[in-house]
Amino acid sequence: MSNFFFILLLAASAAADCPNFEKYARQRHEPFSTGRFAFPYQRPSKQCRTHTVPAVEHAIYNEMPEAIGDPDLYQLFQNTWPNTVDTTVRWTGVAADNPDEELAFVTTGDIDAMWLRDSANQLQSYKSVISSTAPSNDGDNDIAALFRGTINLQGRYIREAPYCNAFHPPPEAKKKLTKRAVGPRDTVHPGYNSDVVFECKYELDSLAAFLQLSWDYYEESNDADFFGRFGWVDTVKRILDVTREMQKGTYTDDGQVRKSPYTWLRNSDSASETVSNHGRGAPVKGGIGLIRSFFRPSDDACIYQYFIPANMMLARYMMSCATIMRKFDSKTATRMEDVAAGIEIAINEYAIIPHPKFGNMYAYEVDGFGSYNLMDDANLPSLLSIPHMGYKPASQHIYDNTRQFILSSSNPYYARGPILNATGGPHLGPGMAWPMGLIVQLMTSNDDEEIVDGIRQLLGSTSGLGLIHETVNSHNEKKWTRSWFAWANGLFGQMIIDLKKRKPELIARSYQ
């Protein structure tokens, strides 16, 4: 037997012995941190990690121990930041028709499918090590290669099914497809290939996430040539085609109901899991510059389809990525800039609402006719995350007013209690705070007291498991959802790295 096949056999054997991480994460494993929380060590064993990146390991064990002064905070960072590469990079390889085209399939964690939004945000946690001074000697394990592979695979998915949000592994991976119990209950137009698509909820932020991922890679690597080699240009054109269709309103000029380019219905007893008006959604005024979204990043249906955070996100990254596009197609680059500028003008005209208590602030959703929804949801993009996504608000004052509203009892989905105070959302209902919401609050804050208090809350809301949950009941630490949620884990690590740069004294201190 050749050494190559012997190594493959050993790897397959090791993988077969690896525990399901969703169950593994529900148990406490030694060694424990020496602080009062005694957090367990929750990384899988080395042979069970899905993708080892030397630059990530270097940061964890050579850089961060000197920066983080609290043993519990360090253990939580050590468990969370590498969670995506440790557990969710289910396959890497190359395209069947082009051995130079890298591909990477990155799941959410406990669901064996690749969400465009989640995978883009999971990788953003490692943006800081793309240009690391301690790169891998193994090109296959370079974090930059993981970004390129994910961009290429996301692009393939979008070109085939631009209205869909989550996908199965590519055929090159030769992996068994996960069946969805809800699939038969969904009626979706246009149709899609169920061997490719895991779920087909049209979310504008999923398309924006592709642009975010692209810009994150380009901004750190300055590797413009990559974007001209495979299908990136055609993918952006496909996104632009969708935005053109989704700028059209419900009614034609003579008052007839326009045929919707996308409809979605599910036989469900939850209002957020189906779309009104026979799958078309609430009516919107067309031609105003905003782009419709049928669903929010929480996968809940929009009340009004001009979902403002996704429009902000798309405008921000469409404008940035036009810089890349101009190297290959100046006409398309100009089109991107026009779309982005039009969105920004429309947000300023239609989405700034006078609130009787907080003053002028951003609405979460609008319809262009004058109706609007005032709330915020923890999932990104959110109104709270405006600085994090890099969108320039109409004024700092308007963002500050919006922030004050979001972090108050006036926000119907702000969860308050002795355990965790953070934005939540209808996905899991009132009273369930999302740690992700608090993490974003801290990443967008310059207030030392607010940040310290938030870190204390996060340390006290893991139910002793040393990982970041999807939600936690604000009054009961033991009531939580998802033991394995890679996006939230990575975002916590990203926050700690951000604080190391902005406010190093706040992670150097004790939280005992």
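All values derive from a computational prediction rather than experimental measurement.

## Some thoughts on the overall build of the protein chain
Next, step 1: A count of helical and extended segments in the protein chain gives 18 helices and 17 strands.
Next, step 2: Projecting the C-alpha coordinates of the protein chain onto the three principal axes gives extents of approximately 70 × 55 × 45 Å.
Next, step 3: Residues classed as buried in the protein chain amount to 59% of the 512 residues present.
Next, step 4: The contacts in the protein chain between residues at least 6 apart in sequence include a share of 68% that link residues at least 24 apart.
Next, step 5: As displayed, the protein chain offers around 20300 Å² of accessible surface, 49% of which is attributable to carbon and sulfur atoms.
Next, step 6: Positive and negative charge centroids in the protein chain, built from 50 and 59 side chains respectively, lie 3 Å apart.

## Observations regarding a nonpolar patch on the surface
Next, step 1: A grouping of Tyr251, Val257 and Phe369 is seen on the molecular surface, where their side chains present a nonpolar patch of about 300 Å² in accessible area.
Next, step 2: Assignment of secondary structure puts Tyr251 in the loop between helix H9 (232–245) and strand S7 (263–266).
Next, step 3: For Tyr251, a relative accessible area of 39% puts it in the partly exposed group.

## Some thoughts on the packing of aromatic side chains
Next, step 1: For the structure on display, the rule yields 23 aromatic pairs.
Next, step 2: Here Tyr218 and Phe227 contribute two aromatic rings whose centre-to-centre distance is 6.3 Å and whose plane-to-plane angle is 70 degrees, an arrangement assigned as edge-to-face.
Next, step 3: Ring geometry for Phe358 and Phe405: centres 5.8 Å apart, planes at 85 degrees, overall edge-to-face. Here Phe358, found in the loop between strand S9 (352–355) and strand S10 (359–362), pairs with Phe405, found in helix H14 (residues 396–406); they are 47 residues apart in sequence, far enough to count as distant.
Next, step 4: Over the ring of Tyr317 we find Arg316; its NZ or CZ atom is 4.3 Å from the centre of that ring.
Next, step 5: Directly above the aromatic system of Tyr511 lies the positively charged group of Arg509, at a separation of 4.9 Å from the ring centroid.

## Examining the pattern of salt bridges
Next, step 1: Evaluation of the coordinates by the stated rule reveals 28 salt bridges.
Next, step 2: A salt bridge links Arg502 to Asp498, with the shortest nitrogen-to-oxygen separation between them at 2.8 Å. Of the two residues, Arg502 and Asp498 both sit in helix H17 (residues 486–502), 4 residues apart, roughly one turn of that helix.
Next, step 3: Arg502 sits in the partly exposed class, given a relative accessible area of 30%.

## A closer look at the packing of helix H7 (residues 143–160) against helix H8 (residues 204–221)
Any two packed helices are characterised by the angle at which their axes cross and by the distance between the axes.
Next, step 1: Close contact between H7 and H8 brings their axes to 10 Å; oriented N to C, the two are set at 150 degrees. On the basis of the axis angle, H7 is roughly antiparallel to H8. Crossing of H7 against H8: the hand is left-handed. Two secondary-structure elements touch here, H7 through Ala144, Phe147, Arg148, Thr150, Ile151, Gln154, Gly155 and Ile158 and H8 through Leu207, Ala209, Phe210, Leu213, Ser214, Asp216 and Tyr217.
Next, step 2: A class-by-class count of the residues in the contact of H7 with H8 yields 9 nonpolar, 4 polar and 2 charged.

## Concerning the packing of H9 against helix H12 (residues 330–350)
Next, step 1: Here H9 crosses H12 at 40 degrees, and the two axes come no closer than 11 Å. The orientation of H9 with respect to H12, classified from their angle, is oblique. In this structure, H9 crosses over H12, and the sense of that crossing is left-handed. Between H9, through Val236, Lys237, Leu240, Asp241 and Arg244, and H12, the contact on the second element is made entirely by Thr332, Arg335, Met336 and Val339.

Rules and cut-offs
Numbering of residues starts from 1 in every chain and runs along the sequence as written. For a predicted model such as this one, the threshold for reporting local features is a pLDDT of at least 70, and the threshold for listing and counting side-chain atom pairs is 80 or more; totals across whole chains, interfaces and linings nevertheless cover every residue. Excluded from the side-chain calculation are hydrogens and water; included are all heavy atoms of the structure. The secondary structure listing takes helices from DSSP runs of H or I that are at least 4 residues long and strands from runs of E that are at least 2 residues long, numbered from the N terminus. Working definition: with a 1.4 Å probe on protein chains only, accessible area under 20% of the residue-type maximum means buried, over 50% means exposed, and in between means partly exposed. Throughout, a contact is declared for two residues whenever any of their heavy atoms are within 4.5 Å. The protein chains shown are the only cover counted for residues, whose accessible areas, like all others here, come from Shrake-Rupley with a 1.4 Å probe. Working convention for charge: Lys and Arg count positive, Asp and Glu count negative, and His plus the chain ends are omitted. Where a charge lies is defined by one atom per residue type: Lys uses NZ, Arg uses CZ, Asp uses CG and Glu uses CD. Every patch collects residues that have over 30% relative accessible area and no salt bridge, joining them within 9 Å if they carry like charges and within 5 Å if they are nonpolar side chains (Val, Leu, Ile, Met, Phe, Trp, Tyr). For this document, the term salt bridge refers to a Lys or Arg side-chain nitrogen within 4 Å of an Asp or Glu carboxyl oxygen. In this scheme Phe, Tyr and Trp rings, the latter by its six-membered ring, pair at centre separations within 6.5 Å, and the angle between planes marks the pair as stacked below 30 degrees, edge-to-face above 60, and tilted otherwise. Lysine and arginine charges are scored as sitting over a ring when NZ or CZ, respectively, is within 6 Å of the ring centre and within 35 degrees of the ring normal. Every axis in this analysis is a line fitted to C-alpha atoms, fitted for helices over the stretch in contact. Angles between the N-to-C directions lie between 0 and 180 degrees. Here the angle decides the label: under 35 degrees means roughly parallel, over 145 means roughly antiparallel, 65 to 115 means roughly perpendicular, and every other value means oblique. In a left-handed crossing the near helix is turned counterclockwise from the far helix by less than a right angle, and in a right-handed crossing that turn is clockwise. Only Asp, Glu, Lys and Arg are considered charged in this grouping, and only Ala, Val, Leu, Ile, Met, Phe, Trp, Tyr, Cys and Pro are considered nonpolar; every other residue, Gly among them, is considered polar.

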